[in-house]
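# Structure at a glance
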Amino acid sequence: MTSANHLLRRERSLRLLPLCGPPDTSHTKRPFPSKTIALSVLLLGLLVGCGPNKVVVQGNFPPPLIEPLPITLGVWFDDDFRKYEVFDEAKSKRDSSWVVNTGEAQVQMWNALLVGMFEKVVPLGEPPGPGRSNPAVDAVLIPHVEELQYAIPAQTNVKVYEIWMRYRFELVATDGTPIAQWTMTSYGKTPTALLQSDQAAVNLAAVMALRDAGANFATRFTRVPAVQDWLRQEGVAVAAGTP
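Attention in this report is confined to the structure presented alongside it. (Residues numbered from 1 in each chain as written. Predicted model: local features only at pLDDT ≥ 70, side-chain atom pairs only at ≥ 80, totals over all residues. Heavy atoms only, no water.)

A few words on the overall build of the protein chain. What the protein chain contains, in helices and strands, is seven helices and eight strands. Scored against the burial criterion, the 243 residues of the protein chain give a buried share of 36%. For the protein chain, restricting intrachain contacts to residue pairs at least 6 apart in sequence, the fraction spanning at least 24 positions comes to 69%. Carbon and sulfur atoms make up 56% of the accessible area of the protein chain, which amounts to about 15700 Å² in all. (Helix = DSSP H or I, 4+ residues; strand = E, 2+ residues; numbered from the N terminus. Buried < 20%, exposed > 50% of the residue type's maximum accessible area, 1.4 Å probe, protein only. Contact = heavy atoms within 4.5 Å. Areas by Shrake-Rupley, 256 points an atom, 1.4 Å probe, with all protein chains shown as cover.)

What follows concerns helix α6 (residues 198-220). Given a rise of 1.5 Å per residue, 23 residues ought to cover 33 Å, and the 33 Å separating the end C-alpha atoms of α6 matches this to within 8%. Burial in α6 covers these residues: Ala201, Val202, Asn203, Ala205, Ala206, Val207, Ala209, Leu210, Ala213, Gly214, Asn216 and Phe217. For α6, the elements touching its buried residues are β1 (53-56), β4 (98-101), α4 (103-117), β6 (139-151), β7 (160-172) and β8 (178-191). (Expected span 1.5 Å × (residues − 1).)

What follows covers the pairing of β7. Judged from the 11 bridges that link them, β6 and β7 form a sheet pairing that is antiparallel. Across the sheet, residue leucine 141 finds its bridge partner in β7, namely leucine 171. (Pairing = 2+ DSSP bridges.)

Glancing now at the environment of glycine 59. Within the secondary structure, glycine 59 sits in the loop between β1 and β2 (69-75). Sequence separation of glycine 59 and methionine 109 is 50 residues, and the distance between their C-alpha atoms is 8.7 Å. Those residues in contact with glycine 59 that lie beyond four places of it in its chain are Gln108 and Val207.

Turning next to the pattern of salt bridges. A full pass over the atoms with the stated rule returns four salt bridges. Ionic pairing is found between arginine 166 and glutamate 147, a salt bridge with its closest N-O pair at 3.6 Å. Taken together, the residues arginine 166 in strand β7 and glutamate 147 in strand β6 connect sequence positions 19 residues apart. The exposure class of arginine 166 is partly exposed, given its relative accessible area of 34%. Arginine 168 serves as the salt-bridge partner of glutamate 170, at 3.6 Å between the closest nitrogen and oxygen. With a relative accessible area of 21%, glutamate 170 lands in the partly exposed category. Assessed through its relative accessible area of 22%, arginine 168 is described here as partly exposed. In the salt-bridge network here, residues are joined through shared partners; they are Glu146, Arg168 and Glu170. (Salt bridge = Lys/Arg side-chain N within 4 Å of Asp/Glu carboxyl O.)

These results come straight from atomic positions and should not be treated as a statement about function.
Written out as structure tokens, the structure reads:
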């Protein structure tokens, strides 16, 4: 009997391991599709969570309530300006990387500002340069963002989100001849108590910095000495007392 039982067990064992053909999967447990989907979603969420904090700045920028200058101004936004963003890589594992994109908001704010400051504003389809004289405009303004810095409470231990920006402006004739060049800074901040997320706070601080830039430009444009000289040549009176 012992020998017969041994042969029977050996026969059953051989049946479980066929010599050829695909394995018998009729009794193999397969994971439920719902569990597979849930696992995929979890992994995707973890991957997304490892990426940088990204802020695409959005806001409202009303035009200034001032008397427009009797000037037809061309404006040229190059690709660097239209797509301007800053990437700040995390300095340690406890920190987060940040991407702050102000390009679209820059264009939106400067368009609104210039339309309020000048009698007519003409967006140009190509940069000014030799052989591109355009009698429809008196001059062309080319703004550049030279630098953007930000600070969040995790970096400074101060409960304020801050944005600094530095601009460089070129005022040129349509053939590219320089008229004036100057720089300007702007600043915006947001207390932590006002918002619930770092991204929202950085966005609002950037909006405040953009509005500050608009206010500074509107009040200082006619104070730039080379701009004053050009305005006088164009027959535009400069306000008395302006330096």
